[in-house]
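# Observations on the three-dimensional arrangement
Chain by chain, the residues run as shown.
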Amino acid sequence: MSAELDGDDELSVDGDEGEPAAERDEDAETPPETPEPASDGGITFKATGHDVFEVQENLTEGLTEAQTLLADLVSIPSPSGEEGAAAQRLKEFFEEHDREVWIDDAGNVRAPADDSVLLTSHIDTVPGDVPVKIENGVLWGRGSVDATGPLAAMAVAAVETGVSFVGVVREETGSNGAWHLVEDRGQPEAVINGEPSGWDGITLGYRGFLAGTYVSTSELGHSSRPEDNAIQSAVNWWSSVADFFDEDDSEGVFDTVTTKPVRFDGGPTDDGLAVEATVDVQFRVPPKYTIDDVREVAEGELDRGGVHWETPIPPVMASPRTEVAAALRAAIRGAGGEPRLLRKTGTSDMNIYAGTWDCPMATYGPGDSDLDHAPNEHLDLAEYDSSIDVLVDVCERLQE
């Protein structure tokens, strides 16, 4: 999940609509030898030459194929930009089940099939060396919740039901994989995005994300002069923007614009003739506002300098009455759970898909999102298994 930890906000809805290969070195005299399979902590990887975390010995002994895939992926470090080894393991899983699969130019694992549903989650994790172990049926390790658990569950469900699957890269640092995907493939009939919601939770809403850099310059003068310099202008600008949105914080976090300065630099230029100031800022934007609304307020508070805006991610609030949401509710009930409809205060790749594709979608996956990025990240294997059952049921309903 990108940037900050995401909070969950329960959404009540009245009524229920139905149940509806090794790379060849061209300069070498002989091609490199194919590496022998190696065992890491009881896990046998077909591709070597990558690191693994500290892994409990015989970790996968007695696990099902689905659980072994999860344990393997959690054991391979995959911070944003370094997802290659995990992507290869995921690709091999689809190859073993005779599915068409490849790794695209962005690094995404693509396994197209029945496009009545696209299951997609992210391969990357945040950095962090969390020893991998299983205790009392619980898997501990970096990414077990965010979002390797949802990723593995979707891969297993895609193989079982024959629907399309994509594992995307760099969600935690810029959603590069998702942006590439929406530019490189057509719209599916429905999307289920993988992020932790608990096996009985369905996430329908995320706030959007807007980042920018304020830059101001002023002449260097004696500090006794009354005129504001660039640093004062930067402070005044940000204070005015934050104050504007602070007046709108009575409706709860999800419905509020969250304003955060994330870096502040200022001082005399190298030639000693001017003062410069820059402020890197971030806004979380609820669905009741557009990105342009927030940008207009921020620019309206300028009295010096300007703001360079990065590519925004729009907010999303999906209807709880789409066929995707209805199928998820029915499948959760069929597995003995009571569906929970959620809104999250952060941002995910679902925002990008919803901003490009006009099809029903929701976010779903096992795991407690309070453990996202945490040093004690862990996932109950029984919950993981239940989420696979739910996803299989949902895909079968949407394929009818």
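Residues numbered from 1 in each chain as written. Predicted model: local features only at pLDDT ≥ 70, side-chain atom pairs only at ≥ 80, totals over all residues. Heavy atoms only, no water.

Right, let's talk about the overall build of the chain for a bit. Along its length, the chain carries nine helices and 19 strands. Within the chain, the fraction of its 400 residues that count as buried is 52%. For the chain, the accessible area works out to roughly 17,500 Å², and carbon and sulfur atoms hold 44% of it. (Helix = DSSP H or I, 4+ residues; strand = E, 2+ residues; numbered from the N terminus. Buried < 20%, exposed > 50% of the residue type's maximum accessible area, 1.4 Å probe, protein only. Areas by Shrake-Rupley, 256 points an atom, 1.4 Å probe, with all protein chains shown as cover.)

Side-chain pairing between opposite charges can occur once the charged atoms of the two side chains come close. Applying the stated criterion across every chain yields a total of 13 salt bridges. Glu95 serves as the salt-bridge partner of Lys91, at 2.5 Å between the closest nitrogen and oxygen. With Lys91 and Glu95 both in helix H2 (residues 84-96), this residue pair falls four residues apart, about one helical turn. Take Lys91: its relative accessible area is 15%, and that puts it in the buried class. On the accessibility criterion, Glu95 (37% relative accessible area) is partly exposed. A salt bridge links Glu377 to Arg142, with the shortest nitrogen-to-oxygen separation between them at 2.5 Å. (Salt bridge = Lys/Arg side-chain N within 4 Å of Asp/Glu carboxyl O.)

Here we take up the sheet that holds strand S7 (residues 133-135). Taken together, three strands build an open sheet; the order of strands is S7-S8-S19 and the sheet is antiparallel. The sheet is open, and its two borders are formed by S7 and strand S19 (378-380), each paired with just one other strand. Here the strands of the sheet are splayed against their neighbours by 25° on average, with no regard to which way each runs. Examined bridge by bridge, S7 and strand S8 (residues 138-140) share three bridges and lie antiparallel to one another. (Pairing = 2+ DSSP bridges. Axes fitted to C-alpha atoms, helices over the stretch in contact; angles between N-to-C directions.)

With that settled, consider the packing of helix H1 (residues 65-75) against helix H3 (residues 148-161). As a packed pair, H1 and H3 sit with axes 9 Å apart at the nearest point and diverge in direction by 140°. The angle between H1 and H3 places the two elements in the oblique class. H1 and H3 meet at a crossing whose hand is right-handed. Facing H1, whose interface residues are Ala66, Leu69, Leu70, Leu73 and Val74, H3 presents Thr148, Gly149, Leu151, Ala152, Ala155 and Val156. Among the residues making up the contact of H1 with H3, the classes are represented as nine nonpolar, two polar and no charged. (Parallel < 35°, antiparallel > 145°, perpendicular 65-115°, else oblique. Left-handed = near helix turned anticlockwise from the far one by under 90°. Contact = heavy atoms within 4.5 Å. Nonpolar A, V, L, I, M, F, W, Y, C, P; charged D, E, K, R; others polar.)

Another aspect to go through is the sheet that holds strand S13 (residues 258-268). If you walk across this open sheet you meet the four strands as S13-S14-S12-S15, and the pairing is antiparallel. The sheet terminates laterally at S13 and strand S15 (306-309), the two strands that pair on one side only. Neighbour to neighbour, the strand axes of the sheet diverge by 20° on average, direction disregarded. Relative to S15, strand S12 (residues 208-219) is paired through four bridges, and the arrangement is antiparallel. Among the inter-strand pairings, Tyr214 is bridged to a residue of S15, identified as Val307.

The next thing to look at is the pairing of strand S17 (residues 340-344). Across the five residues of S17, four count as buried, placing the element largely inside the fold. Judged from the five bridges that link them, strand S11 (residues 201-206) and S17 form a sheet pairing that is parallel. Bridge assignment links Gly205 to a residue of S17, and that residue is Arg343.

Turning our eyes to something else, we now look at the side chain of Arg99. Counting through the fold element by element, Arg99 comes out in the loop between H2 and strand S4 (102-103). Nearest to the buried, unbridged Arg99 among oppositely charged side chains is Glu100, at 7.4 Å. Setting aside residues no more than four positions away along its own chain, Arg99 makes contact with Phe94, Ala111, Pro112, Ala113, Ala158, Val159, Gly162, Val163, Ser164 and Phe165. (Lys, Arg positive; Asp, Glu negative; His and termini not counted.)

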